[in-house]
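Per-entry structural report
These are the residues of each chain, in order.
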Amino acid sequence: MSKSFKDLLAQVAECPMKKVAVACAQDDAVLEAVKAAKERHIADAILVGDEAKIRTIADVLKMNINEFEIINVVDPIEAARTAVKLVHDGKADMYMKGLIDTKSFLKSVLDKEVGLRTDKTLSHVCVFEIKGIDRLLFLSDVAFVPYPDLDTKAQIIKNTVEIAHACGIECPKVAPLAAVEVVNPKMPCTVEADELTKMNEEGKIPGCIVDGPLSLDLAIEPEAAYHKGTTNRKIVGDADVLLFPDIHAGNITYKALVHTAKCVNGNILTGTKAPVILTSRSDEFEVKVNSIALAAIVAENLK
């Protein structure tokens, strides 16, 4: 079971090297990440985009660009369609966003002919290694689904549990979060958390343990559970997956961790035929490399 990104990288090293198709690869941060990913034997890359700009950036980065396959497609929309088709056709294992706006990138993911759409809900999973916590935490959804209803939350759990399984966690504990740990009809997210718990008990959300509603402290801090007298719960400060009631709670928590805590993270978009790496230009270099590694592990698990 992986408890850190060091463990995840070790897990990647045991797998056959994966290949990532990059849409609009003429981006210095992305090229630096794929360069490091190849050097660390995480993944090779097919670079789709403006070849002249790719080579110019590679020179600045002192990157041996001849080690990578380049497909010259200058138009961003066509570059995305070309890159995603490589994954759709099995010529690459995962799909990564380069210098293209998110809306156009996602449109290529959902392309009915060459995209990666399935009948599942798309959701974002962020994996955190945080100093002081003895395991990886899987956060969802912090970036993609704004106001999930009950059925969408159930699918987000299933998507996130698949990622946790790929990382070696056999039966992840899932905490649907709220401000309180009791059901309050005036707080709809607590009612839905209770429903998700029942769905899990009925076998409708398999492969995990769901216990909600839970406040964040009870989900991740055993001592808080002890002091509040909730040690009879299925989750006693040992949650693996944190399910947020909406994007505001998730995104605020994500940014609070990134900007104030000593942590590392990686993230992917899931619910697709293959892992999709959707990082922000503001994400640090290591986040992009970690995200490629996470996608490689998931790609191996999907085989």
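Please refer to the structure placed before this passage.
What comes next concerns the included structure. Position numbers for residues start from 1 in each chain and track the written sequence from start to end. The predicted nature of this model means local features are confined to residues of pLDDT at least 70 and side-chain atom pairs, given and counted, to a pLDDT of 80 or more, with totals for whole chains, interfaces and linings taken over all residues. As a convention, hydrogens and water are excluded, and side-chain values are obtained from all of the structure's heavy atoms.

1. Side note on the pairing of strand β7 (residues 173-176)
A two-sided burial pattern is seen for β7, the buried positions comprising Lys173 and Ala175 on one face and Val174 and Pro176 on the other. Any two strands between which DSSP finds at least two bridges are classified as paired. Secondary structure elements are defined from DSSP: runs of H or I of at least 4 residues count as helices, runs of E of at least 2 residues count as strands, and each element is numbered from the N terminus. Pairing geometry for β7 and strand β8 (residues 209-210), over two bridges, is parallel. Pairing of Val174 across the sheet is with Val210, part of β8. Remark: exposure states derive from per-residue accessible area (1.4 Å probe, protein chains only) relative to the maximum for the residue type, with buried under 20%, exposed over 50%, and partly exposed in between.

2. Here we look at the side chain of Thr270
Structurally, Thr270 is set in strand β10 (residues 263-270). Throughout, a residue-residue contact means that at least one pair of heavy atoms, one from each residue, lies within 4.5 Å. Once residues within four sequence positions are removed from consideration, Thr270 is found in contact with Thr121, Leu122, Ser123, Val125, Asn159 and Ile163.

3. Section: the pairing of strand β3 (residues 69-72)
The two faces of a sheet get side chains in turn, since along a regular strand they alternate between them. In this sheet, β3 lies alongside strand β2 (residues 43-49) in parallel orientation, the contact comprising four bridges. Bridged to Val48 within β3 is Ile71. Crossovers are marked right-handed if the path from the first strand over the helix to the second runs clockwise, as seen with the strands pointing away from the viewer. Once you follow β2 into helix α3 (residues 51-60) and on to β3, the crossover reads as right-handed.

4. Quick notes on the pattern of salt bridges
In what follows, salt bridge is the name for a side-chain nitrogen of Lys or Arg lying within 4 Å of a carboxyl oxygen of Asp or Glu. Tallying each qualifying case throughout the model produces 17 salt bridges. Glu113 is the salt-bridge partner of Arg81, the closest N and O atoms lying 3.0 Å from each other. Of this pair, Arg81 sits in helix α4 (residues 76-88) while Glu113 sits in the loop between α5 (102-109) and β5 (123-130); the two residues are 32 residues apart in sequence, bridging distant segments of the chain. Accessibility expressed as a relative area gives 59% for Glu113, which makes it exposed.

5. Looking at the packing of helix α1 (residues 5-13) against helix α11 (residues 285-302)
Running from N to C, α1 and α11 cross one another at 50 degrees; their axes reach a closest spacing of 9 Å. Between α1 and α11, the angle is such that the two are oblique. For the element pair α1 and α11, the recorded crossing hand is left-handed. Residues Phe5, Leu8, Leu9, Gln11 and Val12 of α1 form the contact with α11, whose participating residues are Asn290, Ala293 and Ile297. Residue type decides the class: Asp, Glu, Lys and Arg count as charged, Ala, Val, Leu, Ile, Met, Phe, Trp, Tyr, Cys and Pro as nonpolar, and the leftover types, Gly among them, as polar. Here the contact of α1 with α11 is built from residues that sort into six nonpolar, two polar and no charged. Angular values range over 0 to 180 degrees, each being the angle between N-to-C directions of two axes fitted as lines to C-alpha atoms, with helices fitted over their stretch in contact. Just so you know how the angles are binned, under 35 degrees is roughly parallel, over 145 roughly antiparallel, 65 to 115 roughly perpendicular, and the rest oblique. In this scheme the handedness of a crossing depends on how the near helix is turned from the far one: anticlockwise by less than a right angle means left-handed, clockwise means right-handed.

6. Quick look at the packing of aromatic side chains
Between rings of Phe, Tyr and Trp, where Trp is taken as its six-membered ring, a pair exists when centres lie within 6.5 Å; planes separated by under 30 degrees are stacked, by over 60 edge-to-face, and by other angles tilted. Under the definition given, this model contains two aromatic pairs. Between the aromatic rings of Tyr95 and Phe105, the centroid separation amounts to 4.6 Å while the plane-to-plane angle is 20 degrees, which identifies the pairing as stacked. Highlighted residues: Tyr95 in strand β4 (residues 94-97) and Phe105 in helix α5, separated in sequence by 10 residues. Using a relative accessible area of 0% as the deciding quantity, one classes Phe105 as buried. Ring plane angle 65 degrees and centroid distance 5.6 Å describe the contact between Phe128 and Tyr254, whose orientation is recorded as edge-to-face. Within this pair, whereas Phe128 is found in strand β5, its partner Tyr254 is found in helix α10 (residues 247-260), the two being separated by 126 residues in sequence. A relative accessible area of 11% places Tyr254 in the buried class.

7. Some remarks on unusual backbone geometry
Cis geometry marks the peptide bond from Ser140 to Asp141, where omega comes out at -10 degrees. Relative to the helices and strands, Asp141 is located in the loop between β6 (137-140) and α6 (150-166). Here the residue pair Gly212 and Pro213 is connected by a cis peptide bond, since its omega of 5 degrees sits within 30 degrees of zero. Here Pro213 is to be found in the loop between β8 and α8 (216-220). Even without glycine at this site, Cys24 takes up a positive phi of about 60 degrees. Assessed through its relative accessible area of 0%, Cys24 is described here as buried. With a phi close to 55 degrees, Lys62 is a non-glycine residue in the positive phi region.

8. A few points about α6
Any helix carries an expected span of 1.5 Å times its number of residues minus one. With 17 residues, α6 should reach 24 Å at 1.5 Å per residue; the first-to-last C-alpha distance of 25 Å fits that figure. Of all the positions in α6, only Thr152, Lys153, Ala154, Gln155, Ile156, Ile157, Asn159, Thr160, Val161, Ile163, Ala164 and Ala166 are classed as buried. Backbone geometry just downstream of α6 places Gly168 in the positive-phi region, at approximately 90 degrees.

9. Structural notes on the state of the cysteines
Here, the term disulfide refers to a pair of cysteine sulfur atoms separated by no more than 2.5 Å. Scanning all chains against the criterion turns up zero disulfides. Summary of cysteine pairing: Cys263 is not part of a disulfide, and the nearest cysteine sulfur, belonging to Cys126, is at 8.5 Å.

10. Thoughts on the packing of α6 against helix α7 (residues 188-201)
In a pair of packed helices, the angle between the axes and the distance between the axes together describe the arrangement. Packing of α6 against α7 brings their axes to within 10 Å, and their N-to-C directions diverge by 55 degrees. Considered as vectors, α6 and α7 are oriented oblique to each other. Our pair here, α6 against α7, has a crossing hand that is right-handed. Touching Leu150, Lys153, Ala154 and Ile157 of α6 are Cys189, Glu192, Glu195, Leu196 and Met199, all from α7. When grouped by side-chain class, the residues that make up the contact of α6 with α7 number six nonpolar, no polar and three charged.

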